[in-house]
Amino acid sequence: MPDPIPDDEETAGEIEECLDEIDEFIGTLQRFSDRVIAESLRVHLASLLRSMLEGDQCSVPDVQEFVASLERDALGIDDDTETGGSA
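Residues numbered from 1 in each chain as written. Predicted model: local features only at pLDDT ≥ 70, side-chain atom pairs only at ≥ 80, totals over all residues. Heavy atoms only, no water.

**Q** Can you walk me through the overall build of the chain in this structure?
**A** Check the secondary structure of the chain and you find 4 helices and 0 strands. Considering the chain as a whole, with its 87 residues, one finds that 11% of them fall into the buried category. Residue pairs in contact within the chain that sit at least 24 positions apart in sequence constitute 43% of those at least 6 positions apart. (Helix = DSSP H or I, 4+ residues; strand = E, 2+ residues; numbered from the N terminus. Buried < 20%, exposed > 50% of the residue type's maximum accessible area, 1.4 Å probe, protein only. Contact = heavy atoms within 4.5 Å.)

Listed below in structure tokens is the structure:
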């Protein structure tokens, strides 16, 4: 089963392109608060991850790793900080 987000150069380019389009779209949602947008994205992301699991596009450990990474990113925690190292 493939990783949810492979670490290859082609995929990195696709991710950048997708992020640009998502940023543009979110810019059209100015009438909503950041909290409403974030909650809506959380619900949508959960549904997408469930669909990926059901479609055998990723595994439960893949999703767990992805969610843990998302939490670290959201809280500004890097792997060195988490393990007591210096950044």
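More follows now that the structure is in view.
**Q** Teacher, can you tell me more about the pattern of salt bridges here?
**A** Pairing between side chains of opposite charge can happen when their charged atoms approach one another. Inspection of the entire model under this criterion finds 1 salt bridge. Of the charged contacts, one joins Arg42 and Glu39 as a salt bridge, the two residues approaching to 2.6 Å between their closest N and O atoms. Of this pair, Arg42 and Glu39 both sit in helix α2 (residues 34-54), 3 residues apart, roughly one helical turn. (Salt bridge = Lys/Arg side-chain N within 4 Å of Asp/Glu carboxyl O.)

**Q** Please clarify how the packing of α2 against helix α3 (residues 60-75) should be interpreted in this entry.
**A** Two quantities define a packed helix pair, namely the angle between the helix axes and the distance between the axes. Direction vectors running N to C along α2 and α3 enclose 155 degrees, while the axes themselves pass 10 Å from each other. Taken together, the axes of α2 and α3 are roughly antiparallel relative to one another. α3 is crossed by α2, and the crossing has right-handed handedness. Taking contact as the criterion, the partners of Leu45, Leu49 and Leu53 in α2 are, on α3, Val60, Val63, Phe66, Val67 and Leu70. Its residues assigned to classes, the contact of α2 with α3 shows 8 nonpolar, no polar and no charged. (Axes fitted to C-alpha atoms, helices over the stretch in contact; angles between N-to-C directions. Parallel < 35°, antiparallel > 145°, perpendicular 65-115°, else oblique. Left-handed = near helix turned anticlockwise from the far one by under 90°. Nonpolar A, V, L, I, M, F, W, Y, C, P; charged D, E, K, R; others polar.)

**Q** Before we go on, may I ask you to explain the side chain of Asp62 in this structure?
**A** By the secondary structure assignment, Asp62 is in helix α3. Within the buried set, Asp62 has no salt-bridge partner at all; the shortest N-O distance to an opposite charge, 12 Å, is to Arg72. Within polar-contact distance, the side chain of Asp62 engages the backbone nitrogen of Ser59 at 2.9 Å. (Lys, Arg positive; Asp, Glu negative; His and termini not counted. Polar contact = N/O pair within 3.5 Å; in protein donor to acceptor, adjacent residues only side chain to side chain.)

**Q** Looking at this structure, I do not really get unusual backbone geometry. What am I missing?
**A** Note: most peptide bonds trans; most residues except glycine with negative phi. Its identity is not glycine, yet Asp56 carries a phi of approximately 55 degrees, on the positive side. Mapped onto the elements of the fold, Asp56 is located in the loop between α2 and α3. Look at Asp56 and you get exposed, because its relative accessible area is 54%.

**Q** Please clarify how the confidence of the model for the chain should be interpreted in this entry.
**A** Any segment with low pLDDT has predicted coordinates that should not be analysed in fine detail. The share of residues in the chain with pLDDT of 70 or more is 82%, and the mean pLDDT across the chain is 86. The lowest-confidence element of the chain is helix α4 (residues 79-82), averaging 61 in pLDDT; the highest-confidence one is α2, averaging 97. (pLDDT = per-residue confidence, 0-100.)

**Q** Explain a negative patch on the surface here, please?
**A** A cluster of like negative charges, contributed by Asp8, Glu9, Glu10, Glu14, Glu16, Glu17, Asp20, Glu21, Asp23 and Glu24, occupies part of the molecular surface. For Glu21, the position within the fold is in helix α1 (residues 9-27). (Patch = residues over 30% accessible without salt bridge, like charges linked within 9 Å, V, L, I, M, F, W, Y side chains within 5 Å. Areas by Shrake-Rupley, 256 points an atom, 1.4 Å probe, with all protein chains shown as cover. Charge placed at Lys NZ, Arg CZ, Asp CG, Glu CD.)

**Q** Would you take a moment to explain α3 for this structure?
**A** Since one α-helical turn is 3.6 residues long, residues separated by three or four positions face the same way. For α3, which comprises 16 residues, the first-to-last C-alpha distance of 23 Å matches the rise-based estimate of 22 Å (1.5 Å per residue) to within 8%. Along α3, the residues classified as buried are Asp62, Val63 and Arg72. Gly76 sits one or two positions beyond α3 and adopts a positive phi of about 70 degrees. (Expected span 1.5 Å × (residues − 1).)

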